[in-house]
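# Topology and contacts: notes
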Amino acid sequence: MRTVVHLAAPGEHAPTLEDRLARVAQGDQEAFSFVYDAVIGAVLGVARRVVRDPAQSEEVAQEVLLDVWRGAARFRPDRGSAMTWILTMAHRRAVDRVRSAQAATDREHRTAVREHTPEYDEVVEEVEARLEREQVRRCLRTLTEVQRRSVTLAYYRGCTHREVAGLLDVPLGTIKTRLRDGLIRLRDCLGVGA
């Protein structure tokens, strides 16, 4: 940090921060250098208190001082001191940075929750499947022995009608009839419409 010493002529007052800010509004780089040196510590302090991250605080301070350079003409001395104006900008910019970071964190959290949440209720699906299996078992017990064996071989073991006929040593036509009658009885027992 450099120290700028300005000696005022006798009877003159030393330029104030407000005076320097008015010169910054006219593009005076030397005046900006003075303003920078005068406020950087306070601006960093405000930013660090709000943001808490040193790197982020430095970025906020840089943005605020860039705003001072670009917007010095907006300063109104009748509304408050130059230091108050600059520190208000610093505080607002730091709060914006914190809110932006929080919003990003919230978006990431919502996305993670959305990606993890199943599109259906797994517990309900499992319970319904279990109940359906139990109902099918109960209805299978209502079939005759030959119907139950034919349906079990064809639909649970994946045998063709011809293979079921061969395994049970029954003509193919008889197997088809037993399967059809067994499926009709299952449909009625399960309450499924035709």
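Higher on the page you've got the structure.
Small disclaimer: the values here were computed from a predicted structure and weren't measured.

### Quick look at the pattern of salt bridges
Opposite charge on two side chains lets them pair, provided their charged atoms get close. Counted by the stated rule, this structure contains 13 salt bridges. A salt bridge links R97 to E59; the nearest nitrogen and oxygen atoms lie 3.1 Å apart. Here the residue R97 occupies a position in helix α4 (residues 82-116), and E59 occupies one in helix α3 (residues 54-71), the gap between them amounting to 38 residues. It is possible to trace a salt-bridge network through shared partners that takes in E59, E63, D67, R93 and R97.

### So, the packing of aromatic side chains
Under the defined criterion, the tally for this structure stands at three aromatic pairs. Between F32 and W69, the ring centres sit 5.2 Å apart and the planes meet at 70 degrees, which makes this aromatic pair edge-to-face. On the criterion of sequence distance, the pair formed by F32 in helix α2 (residues 29-51) and W69 in helix α3 is long-range, its members being 37 residues apart. The class of W69 is partly exposed, set by a relative accessible area of 30%. Between the aromatic rings of F75 and W85, the centroid separation amounts to 5.5 Å while the plane-to-plane angle is 55 degrees, which identifies the pairing as tilted. Residue F75 is found in the loop between α3 and α4, and its partner W85 is found in helix α4; the two are separated by ten residues along the sequence. Note on F75: relative accessible area 10%, which makes it buried. W85 gets classed as buried once you look at its relative accessible area, which sits at 18%. An aromatic cluster of at least three residues, connected via ring pairs, comprises F32, Y36 and W69. Here R20 stacks its cationic end above the ring of F34, 4.2 Å away from the centre of that ring.

How each quantity is defined
- Counting restarts for each chain, with residues numbered from 1 along the sequence as it is written.
- Restriction of local features to residues with pLDDT of at least 70 applies here, the model being predicted, together with a cutoff of 80 or more for giving and counting side-chain atom pairs; totals for whole chains, interfaces and linings are based on all residues.
- Just so you know, side-chain values use all the structure's heavy atoms and leave hydrogens and water out.
- Only one rule defines a salt bridge in this text: a Lys or Arg side-chain nitrogen within 4 Å of an Asp or Glu carboxyl oxygen.
- For helices the rule is a DSSP run of H or I covering at least 4 residues; for strands it is a run of E covering at least 2, with both sets numbered from the N terminus onward.
- When two rings of Phe, Tyr or Trp (its six-membered ring) have centres within 6.5 Å they constitute a pair, described as stacked for plane angles under 30 degrees, edge-to-face for angles over 60, and tilted for the intermediate range.
- For every residue, the accessible area (1.4 Å probe, protein chains only) is compared with the maximum for its type, and the residue is labelled buried under 20%, exposed over 50%, or partly exposed between those bounds.
- For a ring to carry a charge above it, either NZ of a lysine or CZ of an arginine must fall within 6 Å of the ring centroid while also lying within 35 degrees of the normal to the ring plane.

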